[in-house]
Amino acid sequence: MTRTPNNKSTDNLAARAGRWSAQHRKKAILGWLAFVILAVFIGGSVGTRTLTDEEYGLGESGRADTATAAHFPDKSSESVLVQSQAGANNRSPEFRQVVQSVVAGLERTEDVRNVQSPYAEGNPGTLSEDGKSALVTFDIPGDNAEDKVDPALNTVAKLDKQQTGYRIEEFGDASADKALSQAFEDDFRKAEVTSLPITLIILILAFGALLAAFVPLLLAITAVAAAISLIGPISQIWPVDEAISSVVLLIGLAVGVDYSMFYLRREREERAAGRSEEAALEAAAATSGRAVLVSGITVIAAMAGMYFGGAATFISFATGTILVVAIAVIGSLTVLPAVLSKLGDRVNKGRVPFLGPEKRTGEPRVWSWVLDRVLKRPLVSAIAAISVLVVLAIPVFHIHTADTGADGLPRSIDVVKTYDRMQAAFPGEQFTADIVLQGDNLDKGEVQAAAQQLRQIAKDSDQFNEPVTVDQSPDGKVAVI
């Protein structure tokens, strides 16, 4: 038997919210729909601002990125790999001619500046030691280089088709950002396509009725849509990580479905115990509604701890999670009781054979069948369950944690394959170690002398490769070695 909540517990905040929603169903449902539609409209109009490279940094590295971004013109560096597949040496006239066609093509391309040939004087380290590869480098000026890189990519793709016997491909800040952004979008679409049907199947198994399964899913979907949309205006003040949509989708589906299940399960128990529809809903609001409120506040408080870490990625994850959980809680306390009040016992429509709820407990028959057998042999059931958990936990002992950087990216992405080939031909070439000097008036001679010392250290060491270069800001206040 389910214990009936006392008068004190039926007068808590969740109970009052549920009672009001049940009595004002139209206002609660239409108000929720208006909120979601307005959020989607605002989010679509404003757009989402993502983190720039310098905003990811922490500590010394973060300060160096900030100084560089403040004193140097915005630009993104790109490299084009020219690689012989027919055995031509990178010093041969034939190879030089192919490289020159790449340089000429890029110089005619929109939004391409400072094209550097590997054969130009003062451009060491762009001809591979094995004689098979060369790098042509260039810049894309201004911010939002990701949106300006298409002309260069198209030029490189055309040259690759024209030059038989050679591989010509591009990798750099802008091209990598564009490819990774597309990969995040594709992954988000895959998550939508796979997670929603799987969630629906699990809910059907849990409730044994189609309509009861759709109610939690609809609440979760609308909460996720509103949260992702509202991240747009928030991101204009605090930029967010590109993966925020995927995080909000997964967290939002989880909490939205769970909170709805609390309500539905308790209401079913109360109806099975003989209470009226109204009394059953009020009991669910007073007990499960309060559990939803406490759970939501706990999750929000826990996620708020990520703000103290200072990392921009985790700050944006915390913001997205807190937002979607708060919206799911509000929806569970308002629109969910209104919908359940409207549906009443019709929420159990579309019952699935063998999964329909029992009159005695309100739970699907299959779970009662499983529970009866577990209780008959508790020791055997406990050992079986623990054994399954232990097997599932075995991979934990082989986890190796590391900041893998580019090596942690999916190797299926074309631009990552290009990066791997560049790294093989020019080890360490694509990601440099930068020393950032900052002062009121840096002396160029002293900076060059320091760079020469580093060049000698690099030459004597097997840990660094040429070139060692010096780039000084126009105002003379920052130099990058």
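As a reminder, the structure under discussion sits directly above these lines.
Residues numbered from 1 in each chain as written. Predicted model: local features only at pLDDT ≥ 70, side-chain atom pairs only at ≥ 80, totals over all residues. Heavy atoms only, no water.

Okay, a positive patch on the surface next. Taken together, the side chains of Arg 25, Lys 342, Arg 346 and Lys 349 make up a positively charged region of the molecular surface. Among the structural elements, Lys 342 can be located in helix H12 (residues 335–343). Here Lys 342 falls in the partly exposed class, since its relative accessible area comes to 49%. (Patch = residues over 30% accessible without salt bridge, like charges linked within 9 Å, V, L, I, M, F, W, Y side chains within 5 Å. Areas by Shrake-Rupley, 256 points an atom, 1.4 Å probe, with all protein chains shown as cover. Salt bridge = Lys/Arg side-chain N within 4 Å of Asp/Glu carboxyl O. Lys, Arg positive; Asp, Glu negative; His and termini not counted. Charge placed at Lys NZ, Arg CZ, Asp CG, Glu CD. Helix = DSSP H or I, 4+ residues; strand = E, 2+ residues; numbered from the N terminus. Buried < 20%, exposed > 50% of the residue type's maximum accessible area, 1.4 Å probe, protein only.)

Here we come to the sheet that holds strand S7 (residues 478–480). Paired through their backbone hydrogen bonds, the strands of a sheet run either parallel or antiparallel. If you walk across this open sheet you meet the three strands as S5-S7-S6, and the pairing is antiparallel. Of all strands in the sheet, those bounded by a partner on one side alone are strand S5 (436–438) and strand S6 (471–472). Running over the sheet, helix H4 (residues 59–71) touches S5 and S7 and is turned about 65° from S5. (Pairing = 2+ DSSP bridges. Contact = heavy atoms within 4.5 Å. Axes fitted to C-alpha atoms, helices over the stretch in contact; angles between N-to-C directions.)

By the definition in use, this model includes eight salt bridges. Across the pair Asp 139 and Lys 75 runs a salt bridge, and its minimum N-O distance is 3.6 Å. Of this pair, Asp 139 sits in strand S3 (residues 133–141) while Lys 75 is found in strand S1 (residues 75–84), placing the two residues 64 residues apart along the sequence. For Asp 139, a relative accessible area of 11% translates into the label buried. Linking Arg 275 and Glu 270 is a salt bridge whose minimum nitrogen-to-oxygen distance equals 3.2 Å. Of the residues examined, Arg 275 reaches a relative accessible area of 24% and is grouped as partly exposed. Judged by relative accessible area, Glu 270 falls into the buried class, the value being 1%. In the salt-bridge network here, residues are joined through shared partners; they are Arg 167, Glu 169 and Arg 421.

We now examine the packing of aromatic side chains. The relative placement of two aromatic rings is captured by the distance of their centres and the angle of their planes. Here the structure, examined in full by the defined rule, presents five aromatic pairs. The interplanar angle of 50° and the centroid separation of 5.7 Å between the aromatic rings of Trp 32 and Phe 35 together place this pair among those described as tilted. Here Trp 32 and its partner Phe 35 are both found in helix H2 (residues 25–46), three residues apart, which amounts to about one turn of the helix. Summarising the aromatic geometry, the rings of Phe 95 and Tyr 166 are spaced 5.5 Å apart at their centres and angled 75° between planes, so their arrangement reads as edge-to-face. Here Phe 95 is found in helix H5 (residues 93–107), whereas its partner Tyr 166 is found in strand S4 (residues 166–172), with 71 residues between them in sequence. (Phe/Tyr/Trp six-rings, centres within 6.5 Å; stacked < 30°, edge-to-face > 60°.)

Attention now moves to the nonpolar core. Within the largest apolar cluster, 52 residues are counted, with the highest numbers of intra-cluster contacts made by Val 248, Tyr 259, Tyr 263, Ile 327, Val 329, Leu 340 and Val 347. Where this core is concerned, the elements lending two or more residues are H2, helix H7 (173–207), helix H8 (210–235), helix H9 (244–272), helix H10 (277–304), helix H11 (312–333) and H12. Residues contacting Tyr 263, with those up to four places away along its chain left out, are Ala 14, Leu 281, Ala 284, Ala 285, Ser 288, Gly 289, Ser 332, Leu 333, Leu 336, Pro 337 and Leu 340. In terms of nonpolar packing, the next biggest core, distinct from the first, is built from 24 residues, Val 82, Phe 95, Val 102 and Val 136 among them. (Core = buried A, V, L, I, M, F, W, Y, C linked by side-chain atoms within 4.5 Å.)

Pairing in this open sheet of four strands is antiparallel, and the strands run S2-S3-S1-S4 from one edge to the other. Each edge of the open sheet carries a strand with a single partner, namely strand S2 (113–116) and S4. Averaged over all adjacent pairs, the angle separating strand axes in this sheet is 15°, with direction ignored. Note that S1 and S3 share nine bridges and pair antiparallel. When the sheet's bridge partners are listed, Val 80 is paired in S3 with Val 136. Its contacts with the sheet put H7 on S1, S3 and S4, and the angle it makes with S4 is roughly 85°.

With that settled, the discussion passes to H5. With 15 residues, H5 ought to run about 21 Å at 1.5 Å a step, and its terminal C-alpha atoms sit 21 Å apart, in line with that. Check the buried side of H5 and you find it contacts S1, S2, S3, helix H6 (150–162) and S4. (Expected span 1.5 Å × (residues − 1).)

Further remarks concern a nonpolar patch on the surface. A contiguous nonpolar patch, built from Trp 369, Val 370, Leu 371, Val 374 and Leu 375 and spanning about 460 Å² of accessible area, is present on the exposed surface. One can find Trp 369 in helix H13 (residues 365–376). A residue is classified by how much of its surface remains accessible, and Trp 369, at 49% relative accessible area, is partly exposed.

Attention now moves to the environment of His 24. Relative to the helices and strands, His 24 is located in the loop between helix H1 (13–23) and H2. Taking the C-alpha atoms as reference points, His 24 and Ala 338, 314 residues apart in sequence, are found 7.4 Å from one another.

Orientation of H1 relative to H10, taken along the N-to-C sense of each, is 130°, at an axis distance of 7 Å. Between H1 and H10, the angle is such that the two are oblique. Like other packed secondary-structure pairs, H1 and H10 cross with a definite hand, here right-handed. Counting all contacts with H1, which are made through Leu 13, Ala 14, Ala 15, Gly 18, Arg 19 and Ala 22, the residues of H10 involved are Leu 281, Glu 282, Ala 285, Ala 286, Gly 289, Arg 290 and Leu 293. Residues belonging to the contact of H1 with H10 are distributed by class as follows: eight nonpolar, two polar and three charged. (Parallel < 35°, antiparallel > 145°, perpendicular 65-115°, else oblique. Left-handed = near helix turned anticlockwise from the far one by under 90°. Nonpolar A, V, L, I, M, F, W, Y, C, P; charged D, E, K, R; others polar.)

Counting through the fold element by element, Thr 199 comes out in helix H7. According to the relative accessible area criterion, Thr 199 is buried, its value standing at 17%. Discounting chain neighbours no more than four positions away, the residues touching Thr 199 are Leu 217, Leu 253 and Val 257.

A few words on the packing of H8 against H9. Where H8 contacts H9, the two axes come as close as 8 Å, and the packing angle between them is 145°. Our pair here, H8 against H9, has a crossing hand that is right-handed. Contact residues: Ala 212, Pro 216, Leu 217, Leu 219, Ala 220, Val 224, Ala 227, Ile 228 and Ile 231 in H8; Ile 244, Ser 245, Val 248, Leu 249, Gly 252, Leu 253, Gly 256, Val 257, Ser 260, Leu 264 and Arg 268 in H9. Taken together, the residues of the contact of H8 with H9 break down into 15 nonpolar, four polar and one charged.

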